[in-house]
Amino acid sequence: MAVSAPPEGRVRYYLVDRIAEWEAGKRIRGVKNVAMTEDFLQYHFPRRPTMPGVLLLESMTQLAGWLEAISSEFASWFLLEHVTSCKFYDLTGPGDQVEFALEVVPGAEPSRRRYRGSGSVGGKRRVVAEFDGQVVPLADIEAPESQRQLFEILTNTAGFSLAPKYTSGNGIGQVFQWSICLPELVTSRQIGFSLDCY
């Protein structure tokens, strides 16, 4: 099976909203919050918005990619090839917070990986799956530095400061400056702005 990079200007679904914990090379836990504004809910299904099962599986696959990335210092990523088993237990819709737990199944070759995992809402199972695929160089499909920055955001480890800094004034009409610097996900440049308050 040939692996090719997605075309530029593509629409990208990030189906993991937070990575809660991980152990390099072994396991990872993450969360997907299903919002009413998700475009895939528009027609799936009329009068009963439901997250498609294949997107629940994609959330698990993306978590596998994140585990490969963090386990390899952002040199590798996981690409799904084969779903061994997958079972759905209930529908997932707007307002649900799906908690995923994924673990590496030992015994695969170095260039391949097998995962087993589940997704639950409020402690009740929604999906259980086992799947395998290739471990590929991350640089072939994404910019490693932008993925590292996104990982920091997903794990709440990104540098962010909104602390006021006193700049001038005599007690009345003092000037404070807030600076915010956020990583831009598309490139490695930094964006920032200041707000002066009197």
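Chemist: Please provide a residue-by-residue account of the sheet that holds strand E2 (residues 27-33), values included.
Modeler: Spatial strand order, E1-E2-E4-E5-E6-E3: six strands in an open sheet with antiparallel pairing. If you trace the sheet from one side to the other, it starts and ends with strand E1 (18-23) and strand E3 (76-88), each paired once. Along the sheet, successive strands turn relative to each other by an average axial angle of 20°, direction set aside. Pairing of strand E4 (residues 97-104) with strand E5 (residues 112-121) involves seven bridges; the strand directions are antiparallel. Within E5, the position partnered with Val104 by the bridge is Tyr115. Against the sheet, helix H1 (residues 53-71) touches E1, E2, E3, E4, E5 and strand E6 (124-137), its axis set at about 145° to E3.

Chemist: Quick rundown of the pattern of salt bridges? Include the residues and the values.
Modeler: A side chain of one charge can pair with a side chain of the opposite charge when the charged atoms of the two come close. Taken as a whole, this structure holds 15 salt bridges when the rule is applied. Here Glu68 ties to Arg113 by a salt bridge, and the two come within 2.7 Å at their closest N and O atoms. Separated by 45 residues along the polypeptide, Glu68 in helix H1 and Arg113 in strand E5 bring together distant segments of the chain. Note on Glu68: relative accessible area 6%, which makes it buried. For the salt bridge of Glu81 with Arg112, the shortest nitrogen-to-oxygen distance reads 2.8 Å. On the criterion of sequence distance, the pair formed by Glu81 in strand E3 and Arg112 in strand E5 is long-range, its members being 31 residues apart. A relative accessible area of 30% means that Glu81 is categorised as partly exposed. Salt bridges sharing common partners tie together Glu81, Glu103, Arg112, Arg114, Arg116, Glu130 and Asp132.

Chemist: Describe in detail the nonpolar core, supporting the description with residues and values.
Modeler: Residues Ile19, Trp66, Leu102, Tyr115 and Phe131 are the most contacted members of the largest nonpolar core, which totals 36 residues. Put simply, the parts of the chain that give this core at least two residues each are H1, E3, E4, E5, E6 and helix H2 (144-154). The element contributing the most residues to this core is H1, with 10 residues. Contacts of Trp66, omitting those with residues within four sequence positions, involve Ile19, Ile28, Phe74, Trp77, Gln147, Leu150, Phe151 and Leu154.

Chemist: Describe the side chain of Arg113, with residues and values.
Modeler: A distance of 2.7 Å separates a polar atom in the side chain of Arg113 from a polar atom in the side chain of Glu68. When near neighbours in sequence (up to four residues on either side) are disregarded, Arg113 contacts Glu68, Phe78, Val104, Ala108, Phe131, Asp132, Gly133 and Val135.

Chemist: Please provide a residue-by-residue account of the side chain of Gln62, values included.
Modeler: Along the chain, Gln62 turns up in helix H1. Residues within four places of Gln62 in sequence aside, it is in contact with Tyr13, Tyr14, Leu15, Val16 and Trp77.

Chemist: Describe the confidence of the model for the protein chain, listing the residues and the values that go with them.
Modeler: In this model, the protein chain carries a mean pLDDT of 83, and residues with pLDDT of at least 70 account for 75%. The model gives residues 174-198 a pLDDT under 50, and that stretch makes 64 contacts with residues more than four places away or in other chains.

Chemist: Describe unusual backbone geometry, listing the residues and the values that go with them.
Modeler: For residues besides glycine, phi is generally negative; the peptide bonds are generally trans as well. The amide bond that connects His44 to the next residue, Phe45, takes the cis arrangement and shows omega of 5°. Examined against the element boundaries, Phe45 turns out to sit in the loop between E2 and H1. The backbone phi angle of Arg47 is positive, close to 65°, even though this residue is not glycine. Among the structural elements, Arg47 can be located in the loop between E2 and H1. The backbone phi angle of Glu73 is positive, close to 55°, even though this residue is not glycine.

Chemist: Give a detailed account of H2, specifying residues and quantitative values.
Modeler: Every buried residue of H2 is accounted for by Ser146, Gln147, Gln149, Leu150, Phe151 and Leu154. Where H2 ends, the next residue or the one after it, Asn156, has phi of about 60°, a positive value.

Chemist: Hey, could you go over the pairing of E1 for me, with residue numbers and the actual values?
Modeler: Two elements, E1 and E2, share five bridges in a ladder whose sense is antiparallel. Paired with Glu23 across the bridge in E2 is Arg27. Joining the antiparallel neighbours E1 and E2 is a turn of three residues, in which Gly25 adopts a positive phi near 75°.

Conventions we followed
- Residue positions are given per chain, counted from 1 along the sequence in the order it is written.
- Residue-level local features of this predicted model are given only where pLDDT is at least 70; pairs of side-chain atoms are given and counted only at 80 or more, and the full residue set underlies all totals for whole chains, interfaces and linings.
- Side-chain metrics in this entry use all non-hydrogen atoms of the structure; hydrogen atoms and water are not considered.
- A pair of strands is treated as paired once DSSP finds two or more bridges between them.
- By definition, any uninterrupted DSSP run of H or I lasting at least four residues is a helix, any uninterrupted run of E lasting at least two residues is a strand, and each is numbered from the N terminus.
- Axes here refer to lines fitted to C-alpha atoms; in helices the fit is confined to the stretch in contact. Angles between the N-to-C directions go from 0 to 180 degrees.
- Any two residues having at least one pair of non-hydrogen atoms within 4.5 Å are treated as being in contact.
- We define a salt bridge as a side-chain nitrogen of Lys or Arg found within 4 Å of a carboxyl oxygen belonging to Asp or Glu.
- Here the term buried applies to any residue with accessible area under 20% of the maximum for its type, exposed to any over 50%, and partly exposed to those in between, with areas from a 1.4 Å probe on protein chains only.
- Nine residue types can take part in a nonpolar core, namely buried Ala, Val, Leu, Ile, Met, Phe, Trp, Tyr and Cys, and a core is a set of them joined through side-chain atoms within 4.5 Å.
- Think of a polar contact as two N or O atoms within 3.5 Å of one another; within protein, one of them needs to be a possible hydrogen donor and the other a possible acceptor, and neighboring residues in sequence only count if both atoms come from side chains.
- pLDDT: the predictor's confidence for each residue, scored from 0 to 100.

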